[in-house]
Amino acid sequence: MFKGLGNIAGMMKQFSEMQGKMTEMQEKLGKLRFEGSAGGGMVNVEANGQQKVLGVKIDQTLLESGDREMLEDLITAATNQALDKAREGAAEEMSQITGGMNIPGLDEALSKFNPNS
(Lines give C-alpha, C1' and ligand atoms only; values in the text may rest on other atoms or scores of the structure.)
Protein backbone atom coordinates (compact mmCIF):
# COMPACT_ATOMS: atom_id res chain seq x y z
CA MET A 1 0.00 0.00 0.00
CA PHE A 2 2.83 2.44 0.81
CA LYS A 3 5.22 1.32 -1.94
CA GLY A 4 4.02 4.12 -4.23
CA LEU A 5 5.00 6.75 -1.67
CA GLY A 6 8.68 5.97 -2.23
CA ASN A 7 8.27 6.68 -5.92
CA ILE A 8 6.50 9.95 -5.20
CA ALA A 9 9.22 11.00 -2.77
CA GLY A 10 11.87 10.23 -5.39
CA MET A 11 10.00 12.24 -8.01
CA MET A 12 9.64 15.17 -5.61
CA LYS A 13 13.38 15.07 -4.92
CA GLN A 14 14.13 15.09 -8.66
CA PHE A 15 11.72 17.98 -9.16
CA SER A 16 13.39 19.96 -6.39
CA GLU A 17 16.83 19.33 -7.90
CA MET A 18 15.59 20.43 -11.33
CA GLN A 19 14.11 23.60 -9.83
CA GLY A 20 17.48 24.42 -8.30
CA LYS A 21 19.18 23.86 -11.63
CA MET A 22 16.66 26.11 -13.40
CA THR A 23 17.30 28.91 -10.89
CA GLU A 24 21.02 28.46 -11.40
CA MET A 25 20.52 28.55 -15.16
CA GLN A 26 18.53 31.81 -14.99
CA GLU A 27 21.34 33.43 -13.01
CA LYS A 28 23.92 32.17 -15.49
CA LEU A 29 21.87 33.38 -18.47
CA GLY A 30 21.68 36.83 -16.92
CA LYS A 31 25.49 36.99 -16.95
CA LEU A 32 25.96 35.84 -20.55
CA ARG A 33 26.41 38.54 -23.19
CA PHE A 34 25.57 38.39 -26.89
CA GLU A 35 26.14 41.06 -29.51
CA GLY A 36 24.37 41.76 -32.74
CA SER A 37 25.56 44.25 -35.31
CA ALA A 38 24.36 45.78 -38.55
CA GLY A 39 25.57 48.25 -41.12
CA GLY A 40 29.12 46.98 -41.03
CA GLY A 41 29.33 47.50 -37.29
CA MET A 42 27.77 50.97 -37.32
CA VAL A 43 25.04 49.71 -34.97
CA ASN A 44 25.76 47.27 -32.16
CA VAL A 45 23.25 45.84 -29.71
CA GLU A 46 24.16 43.85 -26.60
CA ALA A 47 21.70 41.43 -24.98
CA ASN A 48 22.01 38.91 -22.19
CA GLY A 49 20.94 35.27 -22.12
CA GLN A 50 17.61 36.29 -20.63
CA GLN A 51 16.92 38.17 -23.87
CA LYS A 52 17.09 41.59 -22.29
CA VAL A 53 18.69 44.34 -24.36
CA LEU A 54 21.52 45.81 -22.31
CA GLY A 55 22.78 48.51 -24.62
CA VAL A 56 22.85 50.04 -28.08
CA LYS A 57 25.81 51.77 -29.70
CA ILE A 58 25.38 53.85 -32.84
CA ASP A 59 28.28 55.22 -34.86
CA GLN A 60 28.32 59.03 -34.85
CA THR A 61 28.51 59.26 -38.66
CA LEU A 62 25.27 57.32 -38.91
CA LEU A 63 23.57 59.77 -36.58
CA GLU A 64 24.89 62.70 -38.57
CA SER A 65 23.59 61.26 -41.84
CA GLY A 66 20.04 62.11 -40.80
CA ASP A 67 18.68 58.99 -42.49
CA ARG A 68 16.11 58.01 -39.88
CA GLU A 69 14.65 55.09 -41.83
CA MET A 70 18.05 53.48 -42.36
CA LEU A 71 18.91 53.94 -38.66
CA GLU A 72 15.64 52.31 -37.61
CA ASP A 73 16.26 49.35 -39.96
CA LEU A 74 19.82 48.88 -38.67
CA ILE A 75 18.75 48.99 -35.03
CA THR A 76 16.04 46.43 -35.74
CA ALA A 77 18.46 44.12 -37.56
CA ALA A 78 21.15 44.35 -34.87
CA THR A 79 18.60 43.77 -32.10
CA ASN A 80 17.15 40.72 -33.82
CA GLN A 81 20.63 39.30 -34.34
CA ALA A 82 21.55 39.79 -30.67
CA LEU A 83 18.30 38.19 -29.49
CA ASP A 84 18.73 35.24 -31.89
CA LYS A 85 22.19 34.65 -30.42
CA ALA A 86 20.74 34.91 -26.91
CA ARG A 87 18.09 32.27 -27.72
CA GLU A 88 20.78 29.96 -29.12
CA GLY A 89 22.90 30.50 -26.01
CA ALA A 90 19.92 29.74 -23.76
CA ALA A 91 19.26 26.53 -25.69
CA GLU A 92 22.89 25.46 -25.26
CA GLU A 93 22.73 26.14 -21.52
CA MET A 94 19.49 24.19 -21.22
CA SER A 95 20.96 21.20 -23.03
CA GLN A 96 23.88 21.19 -20.59
CA ILE A 97 21.52 21.22 -17.63
CA THR A 98 19.31 18.45 -19.02
CA GLY A 99 22.46 16.42 -19.64
CA GLY A 100 21.64 15.89 -23.29
CA MET A 101 18.42 14.06 -22.43
CA ASN A 102 16.01 13.88 -25.32
CA ILE A 103 12.96 15.57 -23.84
CA PRO A 104 10.07 15.66 -26.34
CA GLY A 105 9.16 19.23 -27.28
CA LEU A 106 12.18 20.80 -25.52
CA ASP A 107 13.72 22.19 -28.73
CA GLU A 108 10.42 23.79 -29.71
CA ALA A 109 9.92 25.23 -26.23
CA LEU A 110 13.42 26.70 -26.21
CA SER A 111 12.90 28.30 -29.60
CA LYS A 112 10.01 30.22 -28.03
CA PHE A 113 11.84 30.80 -24.74
CA ASN A 114 11.43 34.32 -23.43
CA PRO A 115 11.65 34.72 -19.67
CA ASN A 116 10.35 38.29 -19.96
CA SER A 117 6.92 37.42 -21.32
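Our subject is the structure listed above.
The present account deals with the structure reproduced in this document.

Criteria and cut-off values
Residues numbered from 1 in each chain as written. Predicted model: local features only at pLDDT ≥ 70, side-chain atom pairs only at ≥ 80, totals over all residues. Heavy atoms only, no water. Helix = DSSP H or I, 4+ residues; strand = E, 2+ residues; numbered from the N terminus. Contact = heavy atoms within 4.5 Å. Areas by Shrake-Rupley, 256 points an atom, 1.4 Å probe, with all protein chains shown as cover. Pairing = 2+ DSSP bridges. Axes fitted to C-alpha atoms, helices over the stretch in contact; angles between N-to-C directions. Core = buried A, V, L, I, M, F, W, Y, C linked by side-chain atoms within 4.5 Å. Buried < 20%, exposed > 50% of the residue type's maximum accessible area, 1.4 Å probe, protein only.

A few points about the overall build of the protein chain
Thinking step 1. Across its full length, the protein chain carries four helices and three strands.
Thinking step 2. Taken from N to C terminus, the helices and strands of the protein chain fall in the order α-β-β-β-α-α-α.
Thinking step 3. Across the protein chain, every contact between residues at least 6 apart in sequence was considered, and the portion connecting residues at least 24 apart equals 51%.
Thinking step 4. Accessible area for the protein chain stands at about 8,100 Å²; split by element, carbon and sulfur atoms hold 53% of it.

Points about the pairing of strand β3 (residues 53-58)
Thinking step 1. The pairing of strand β2 (residues 43-48) with β3 spans five bridges and is classified as antiparallel. Residue pairing for β3: A47 is matched across the bridge by V53.
Thinking step 2. From the end of β2 to the start of β3, which pair antiparallel, there are four residues, and Q51 there has a positive phi angle of about 60 degrees.

Overview of the pairing of β2
Thinking step 1. Direction of pairing for strand β1 (residues 33-38) relative to β2: antiparallel, over a ladder of six bridges. Bridge pairing in β2 links E35 to E46.

Re the sheet that holds β2
Thinking step 1. Strand order in the open sheet formed by three strands is β1-β2-β3, and the pairing between neighbours is antiparallel. The open sheet has two edge strands, β1 and β3, and neither has a second partner. Adjacent strand axes in the sheet meet at a mean angle of 15 degrees when their direction is disregarded.

Observations concerning the nonpolar core
Thinking step 1. Ranked by size, the top nonpolar core spans 10 residues in total: A38, V43, V45, A47, L62, L71, L74, A78, A82 and L83.
Thinking step 2. It is helix α3 (residues 68-97) that contributes the most residues to this core, five residues altogether.

A few points about the side chain of T79
Thinking step 1. Relative to the elements of secondary structure, T79 occurs in helix α3.
Thinking step 2. In contact with T79, other than residues within four places in its own chain, are V45 and V53.

Digging into the environment of G49
Thinking step 1. Along the chain, G49 turns up in the loop between β2 and β3.
Thinking step 2. On a C-alpha basis, the gap between G49 and E88 in space is 8.8 Å, while along the polypeptide they are 39 residues apart.

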